[in-house]
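# Survey of secondary and tertiary structure
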Amino acid sequence: MKLARFVLIGLLLGGCATAPLTNRTQFIMISSEQEMALGATEAQKVVQSSKLSGDKALQARIKRIGERIAAVSGRSDYVWEFNVIQDDTPNAFCLPGGKVFFYTGILKITENDDQIATVMGHEIAHALARHGAERMSMQSASNIGAQVLAAALNVPPEYRDLYAQAYGVTSQVGLILPYSRKFENEADQIGVYLMWKAGYNPAQALKFWENMEKLSSKGQKAPAFLSTHPADSERIKAIRDYIPLLPAQR
Ligand SMILES: [Zn+2]
């Protein structure tokens, strides 16, 4: 039990962080440096396994919008990079440390720069709020928690892995996985703030998500993005409620 107590104290001291803007307390066990290293490795894999778009004008447009959002993100320590992947799947993501990827598929849905800034702000918000690291920390914490509990309950060692599985623990560690609704709402809030701060029109965030909702209700496929980003009335209402709370001055 001494070990168990040590591990639990370690978990508690391990890492408390605070999400930007919302000031939500987060439990994060990996350092920013580790997280950025993971992001850089993952970015290399993405570049190697994808076809980057040869459309120079489109690349320049995404870079220009991305740099405006990055400029108000407060993270000049990030090594920002904006890539366009030639792929009809509607998708976009930002890896820890500022490596952003837009698929041409999502750019068929966005109607203007403000809507691209909506997606850009949202994805960058996930990285700024360290949602990937937080999710990995929650997974490993529940894993360690299950092991500690199993030890305390005298579960024989050979059954501990099974116990961990029964506890709902998976060993899968991935940076590109669906986020919980809580993370989605937080990324919407931070993302709308970022696009507004960068000079874009936050009303277009509503328009974008309404278009996404129409696409999903028509049964048209936008699976990658919609499976991780459900465009439903709850999300749209939360954004509509948030826009009037933006400060009067940029
Ligand atoms: Zn998201």
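This one's a predicted model, so the numbers in the text were calculated from it and none came from an experiment.

### Quick word on the pairing of strand 5 (residues 99-103)
A large share of strand 5 lies buried, amounting to 5 of its 5 residues. On strand 5, burial covers both faces: K99, F101 and Y103 on one face and V100 and F102 on the other are all buried. Direction of pairing for strand 3 (residues 81-85) relative to strand 5: parallel, over a ladder of 5 bridges. The residue of strand 5 that forms the bridge with E81 is K99. In this structure, strand 4 (residues 92-95) lies alongside strand 5, joined through 4 bridges in antiparallel fashion. Looking at the pairing, A92 lines up with F102 of strand 5. Hairpin connection of strand 4 to strand 5: 3 residues between the antiparallel strands, including G97 at a positive phi of 95 degrees.

### Observations regarding the coordination of the zinc ion
All of the protein donors around the zinc ion are H122 (NE2), H126 (NE2), E184 (OE), E184 (OE) and H229 (NE2); their distances to the metal are 2.0 to 2.6 Å. Expressed as a motif, the donor residue spacing for the zinc ion is H-x3-H-x57-E-x44-H. With E184 in helix 8 (residues 181-197) and H229 in the loop between helix 10 (223-228) and helix 11 (233-242), this pair connects stretches of sequence that are 45 residues apart. Each member of the pair E184 and H229 is classed as buried.

### Topic: the environment of Y103
Following the sequence through the fold, Y103 ends up in strand 5. For the pair Y103 and F93, spaced 10 residues apart in the sequence, the C-alpha separation amounts to 9.0 Å. Not counting residues within four places of it along the chain, the set of residues in contact with Y103 comprises I85, D87, T89, N91 and F93.

### What about helix 2 (residues 32-49)?
Spanning 18 residues, helix 2 covers 26 Å between terminal C-alpha atoms, matching the ideal 26 Å at 1.5 Å per step. Among the residues of helix 2, those classed as buried are E35, G39, A43 and V46. One side of helix 2 carries all its buried residues, which in axial view fall inside an arc of 80 degrees. Seen from the buried face of helix 2, the exposed residues on the opposite side, beyond 90 degrees, are E33, Q44 and Q48.

### Observations regarding the pattern of salt bridges
Inspection of the entire model under this criterion finds 16 salt bridges. Between K45 and E42 there is a salt bridge, with the nearest N and O atoms lying 3.9 Å from each other. Here K45 pairs with E42, and both are found in helix 2, just 3 residues apart, close to one helical turn. A relative accessible area of 47% places K45 in the partly exposed class. Between R64 and D113 there is a salt bridge whose closest N-O contact spans 2.9 Å. Placement of the pair is R64 in helix 3 (residues 56-71) and D113 in helix 5 (residues 113-128), with a sequence separation of 49 residues. Judged by relative accessible area, which is 45%, R64 ranks as partly exposed. Several salt bridges share partner residues, and in doing so they unite R24, E134 and E186 into one network.

What counts as what
- Residues numbered from 1 in each chain as written.
- Predicted model: local features only at pLDDT ≥ 70, side-chain atom pairs only at ≥ 80, totals over all residues.
- Heavy atoms only, no water.
- Buried < 20%, exposed > 50% of the residue type's maximum accessible area, 1.4 Å probe, protein only.
- Helix = DSSP H or I, 4+ residues; strand = E, 2+ residues; numbered from the N terminus.
- Pairing = 2+ DSSP bridges.
- Donors = N, O, S within 2.8 Å, 3.2 Å for Na, K, Ca; no water.
- Contact = heavy atoms within 4.5 Å.
- Expected span 1.5 Å × (residues − 1).
- Arc of directions from axis to C-beta.
- Salt bridge = Lys/Arg side-chain N within 4 Å of Asp/Glu carboxyl O.

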